[in-house]
Amino acid sequence: MKKQEAEKNKTIGGTKRFRNRLSPVDKKEMPVSYLMLLPVLLILTIFVWVPFVYALERSFWDWNFYKDSEFVGLRNFELILRDKSFRKSVVNGFKFVIIQVPIGIAVQFLFANMIKKTNARVQNTVKGIIYIPAILSGIMASVIATFILNYRGGILNQVLMALGFDRFAFGTDKTGWAATWVIVIMNTWLGFGGGVILMYAALNSIDTSFYEASAIDGASKFQQMLYITLPQMKNIFILVGISGTTGTLQMFDIPFMLTGGGPLEETLTPMLFIYNNMRDSTKGMGYTIAGALIMMVIITSFNVLLFALVGSEKNQE
C-alpha cells in the first residue's frame, strides 16, 4: 500500500513527476559552476543593475550638472507623458514597426526561398554578399543614403535632372512620408542579410518527406508553401518579428543622420527624442532618464505581450 501511495504521489494528472536529484559528482561540480558564473554576474551587476537602480533613483530628482538637485517625485514622469513631442515619437516608433517589420520578414522569406532553389556554389556566394550590410553601422548606411539621395549632389537627383525632372528633397518633404520610407528601406537593408540567413537555415531544416507526401497527394507548389512551409517557419517568423520590433523601437542612428527627426517630427523616434533632451540644458537629466525608463517599460511590456500571445497559441496546439 505504501509503495502504491508513493507512486500516486509521484503522478500528477496521469504524468510522472521527475525530481531533479543531484548526483555526488554534480554536487562536487557545483562550486566550479558558480565560480564560472561569477564574472558574468559581476559584469551584469556593474554595467546593468547598478546603473539601472541609480537611474531609477535619479528620475525622481530635478537633476543636472549646473545646479543643486531637488527631489520632485513623479513630476518628471508626468511632464514627459504630457510632452507632445514624446508622444509623437512613440507613435512614430510604432509606425516604423508596422511598416518595416512585415516588409522585412516578407522580403527576407522570399529571398531565402530564391536562394534555396539555386546550387550550392551560388548559395554560398549570395549568402556572403547579402550579409555585408549586417556588418555596417547605421552611420555608414546613412552616409551611403546621403550620397544617393542628397538634394544637391545625390546620384538619384542627378539622374532625375538628367531625365528632365525636378530634384526631390527626400529628407525634407512636407508630409514626411518620403523620409519615412528612406529610413525604412535603409533599416530593412541593414537587417536583410541576417534575416535571410535565418530564414534559409529554417527552410533547410524542414523535412523533405512532407513535400514528397503532399506532391503524391497532388498538392501544388502554392499549397505546399501555404500548408507546409509557412507553419514550419512560424517560430522563425516570431523570432525575427520580436527582434525587429525591439530594434525598431530603439532606432536612433539613421533618423539622427538623415533627417534629425524632421520634417515636422515625422521621423522623430523615442531614442532621438531622449538624445535631444539630454543635450537641452533647460531640462534636467532626471527628465531625460524618466523618458528612457518609460520607453523601457513600453518595449518590455510589448515583448511580454507578444510572448504571452505566442505561449497561449502553443498551449492551444
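Remember, it's a predicted structure, so these values are computed and weren't measured experimentally.

> Explain the overall build of the chain here, please?
Counting its regular elements, the chain contains 14 helices and four strands. Counted over contacts in the chain with a minimum sequence separation of 6, partners at least 24 positions apart contribute 66%. Across the chain, the centroid of the 30 positively charged side chains sits 6 Å from that of the 21 negatively charged ones.

> Would you mind showing me how to read the UniProt feature "domain: ABC transmembrane type-1" (unreviewed entry) in the chain here?
Under the UniProt annotation, the feature "domain: ABC transmembrane type-1" (unreviewed entry) is placed at residues 86-306. Taken as a whole, residues 86-306 contains 75% helix and 0% strand, while its terminal C-alpha atoms sit 24 Å from one another.

> Just to check I follow, could you spell out the UniProt feature "transmembrane region" (unreviewed entry) in the chain for this structure?
Taking the UniProt record as the reference, the feature "transmembrane region" (unreviewed entry) is found at residues 34-56, 96-116, 128-151, 178-203, 236-258 and 285-310. Between the end C-alpha atoms of residues 178-203 the distance is 34 Å, and the span holds 100% helix and 0% strand. Helix and strand shares over residues 236-258 are 87% and 0% respectively, and the end C-alpha atoms of the span are 31 Å apart.

> Would you explain the side chain of K95 in this entry?
By secondary structure assignment, the location of K95 is in helix 4 (residues 84-116). Given a relative accessible area of 17%, K95 falls into the buried group. Look past the residues within four positions of K95 in its chain and what remains in contact with it is W177, T180 and E266.

> Just checking my understanding: could you explain the packing of helix 4 against helix 8 (residues 177-204) for this structure?
Between two packed helices, the angle of one axis relative to the other and the distance separating the axes together describe the packing. Relative to each other, helix 4 and helix 8 sit at 40°, their axes nearing to 6 Å. One way to sum up the angle between helix 4 and helix 8 is to call them oblique. Crossing angle aside, the handedness with which helix 4 passes helix 8 is right-handed. Taken together, the residues that form the contact of helix 4 with helix 8 break down as 18 nonpolar, ten polar and two charged.

> How do you make sense of the pattern of salt bridges when you look at a structure like this?
Note that side chains of opposite charge can pair when their charged atoms are close. In the structure shown here, the tally under the stated rule is five salt bridges. Residue R82 pairs with E78 through a salt bridge whose shortest N-O separation is 2.7 Å. With R82 and E78 both in helix 3 (residues 75-82) and four residues apart, the pair spans about one turn of that helix. Exposure remark for E78: the relative accessible area of 38% places this residue in the partly exposed category.

> How do you make sense of the environment of T267 when you look at a structure like this?
Its location among the elements puts T267 in the loop between helix 12 (253-258) and helix 13 (270-279). Residue T267 is classed as buried on the basis of its relative accessible area, which comes to 0%. Spatially, the C-alpha atoms of T267 and G176 are 7.2 Å apart, while their sequence positions differ by 91 residues. Apart from residues no more than four positions distant in its own chain, T267 is found in contact with N92, F96, G176, A179, T180, I183, P255, T259, G261 and G262.

> Just to check I follow, could you spell out the packing of aromatic side chains for this structure?
What describes a pair of aromatic rings is the distance from one ring centre to the other and the angle between the planes of the rings. Tallying each qualifying case throughout the model produces eleven aromatic pairs. Pairing Y54 with W63 gives two aromatic rings, centres 6.5 Å apart and planes at 85°, and the pair type is edge-to-face. The class for W63 is buried, based on a relative accessible area of 16%. Considering the side-chain rings of F256 and Y275, the 5.3 Å spacing of their centres and the 80° angle between planes classify their relative orientation as edge-to-face. Separated by 19 residues along the polypeptide, F256 in helix 12 and Y275 in helix 13 bring together distant segments of the chain. Judged by relative accessible area, which is 31%, F256 ranks as partly exposed. The class of Y275 is partly exposed, set by a relative accessible area of 23%.

> Mind showing me how you'd approach the nonpolar core here?
What tends to happen in soluble globular proteins is that the nonpolar side chains get buried as a cluster. One finds F86, M199, M233 and F273 to be the most contacted residues of the largest nonpolar core, which totals 37 residues. Within the residue set of this core, elements represented by two or more residues are helix 3, helix 4, helix 8, helix 11 (234-249), helix 13 and helix 14 (285-316). Once residues within four sequence positions are removed from consideration, M233 is found in contact with F109, M199, A202, L203 and I206. Grouped together as the second largest cluster of nonpolar side chains are 13 residues, I99, L149, M251 and I254 included.

> In this structure, what is going on with the packing of helix 8 against helix 11? I would like to understand it.
Two numbers describe how helix 8 lies on helix 11: the axes approach to 10 Å, and their chain directions differ by 165°. As far as their axial angle goes, helix 11 and helix 8 are roughly antiparallel. Read as a crossing pair, helix 8 and helix 11 show a hand that is right-handed. Of the residues in helix 11, those touching helix 8 at L198, M199 and A202 are I236, F237, L239 and V240.

> Sorry, what's going on with the environment of I289 here?
Mapped onto the fold, I289 is located in helix 14. For the pair I289 and G153, spaced 136 residues apart in sequence, the C-alpha separation works out to 39 Å.

> Would you mind going over unusual backbone geometry with me for this structure?
Phi is mostly negative for residues that are not glycine, and the peptide bonds are mostly trans. In the segment running from G262 into P263, the intervening peptide bond is cis, with an omega of -5°. In this structure, L264 takes a positive phi of about 55° despite not being glycine. If you trace the backbone, L264 turns up in the loop between helix 12 and helix 13. Located in the positive-phi region is E265, a residue other than glycine, with phi close to 65°.

Rules used in this analysis
- Residues numbered from 1 in each chain as written.
- Predicted model: local features only at pLDDT ≥ 70, side-chain atom pairs only at ≥ 80, totals over all residues.
- Heavy atoms only, no water.
- Helix = DSSP H or I, 4+ residues; strand = E, 2+ residues; numbered from the N terminus.
- Contact = heavy atoms within 4.5 Å.
- Lys, Arg positive; Asp, Glu negative; His and termini not counted.
- Charge placed at Lys NZ, Arg CZ, Asp CG, Glu CD.
- UniProt positions renumbered as here; feature names shortened; annotations may be inferred.
- Buried < 20%, exposed > 50% of the residue type's maximum accessible area, 1.4 Å probe, protein only.
- Axes fitted to C-alpha atoms, helices over the stretch in contact; angles between N-to-C directions.
- Parallel < 35°, antiparallel > 145°, perpendicular 65-115°, else oblique.
- Left-handed = near helix turned anticlockwise from the far one by under 90°.
- Nonpolar A, V, L, I, M, F, W, Y, C, P; charged D, E, K, R; others polar.
- Salt bridge = Lys/Arg side-chain N within 4 Å of Asp/Glu carboxyl O.
- Phe/Tyr/Trp six-rings, centres within 6.5 Å; stacked < 30°, edge-to-face > 60°.
- Core = buried A, V, L, I, M, F, W, Y, C linked by side-chain atoms within 4.5 Å.

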